Amino acid sequence: MSDTQLTVTIGGGDVDDARAVVRALEDTFGAADRPPSGEHATVRVATFTGEGREGAGPAEAGALSAPVTVTVQGTPQAVRRASDTLARSFTAHDEGAASGDQEQERQLLLEP
């Protein structure tokens, strides 16, 4: 599954919250190709193209300081893996999903 592509959009919280979300996904997808940055940004984006490990356990991501909204977009399998990983690492509420021809998008609310 080396062609895994996942885009993660993180809103709310601060840059440390965005980094915690990315750390949680790194065991599953490998290091982010583009990690979140921007101390003053209101929305942060990270992208992954690695495959990491299937069935990885919850990562030591750290705690969130505030609720964050996370949108994961990619292949249905990548979106499922990302959603499962985030649900194991944080308190997560499914806010809905949209499916396209070959791509899926899911929005989650993560709470501290």
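Please refer to the structure placed before this passage.
Residues numbered from 1 in each chain as written. Predicted model: local features only at pLDDT ≥ 70, side-chain atom pairs only at ≥ 80, totals over all residues. Heavy atoms only, no water.

Some details on the pairing of strand 4 (residues 91-99)
Next, step 1: Of the pairings in the sheet, the one linking strand 4 to strand 5 (residues 104-111) comprises eight bridges and is antiparallel in character. Among the inter-strand pairings, G96 is bridged to a residue of strand 5, identified as Q107.
Next, step 2: The hairpin turn running from strand 4 into strand 5, its antiparallel successor, is four residues long. (Pairing = 2+ DSSP bridges. Helix = DSSP H or I, 4+ residues; strand = E, 2+ residues; numbered from the N terminus.)

A short note on the nonpolar core
Next, step 1: If you look at the biggest cluster of nonpolar residues, it comprises 25 residues, and the most contacted ones within it are V21 and L86.
Next, step 2: Breaking this core down by element, the ones donating at least two residues are strand 1 (6-11), helix 1 (15-29), strand 2 (43-48), strand 3 (68-74), helix 2 (76-89) and strand 5.
Next, step 3: Beyond its immediate chain neighbours, meaning those up to four positions away, V21 contacts V8, I10, L64, V68, V70, L86, F90 and L110. (Core = buried A, V, L, I, M, F, W, Y, C linked by side-chain atoms within 4.5 Å. Buried < 20%, exposed > 50% of the residue type's maximum accessible area, 1.4 Å probe, protein only. Contact = heavy atoms within 4.5 Å.)

As for the packing of aromatic side chains
Any two aromatic rings considered together are summarised by their centre-to-centre distance and by the angle between their planes.
Next, step 1: One pass over the full model with this rule turns up one aromatic pair.
Next, step 2: Both rings, one in F29 and one in F48, keep their centres 5.9 Å apart while their planes meet at 45°; by these two values the pair is tilted. Of this pair, F29 sits in helix 1 while F48 sits in strand 2, and the two are 19 residues apart along the sequence.
Next, step 3: Assessed through its relative accessible area of 0%, F48 is described here as buried.
Next, step 4: Sitting over the face of the ring of F29, R81 holds its NZ or CZ atom 5.0 Å from the ring centroid. (Phe/Tyr/Trp six-rings, centres within 6.5 Å; stacked < 30°, edge-to-face > 60°. Lys NZ or Arg CZ within 6 Å of the ring centre and 35° of its normal.)

By themselves these figures say nothing about function.
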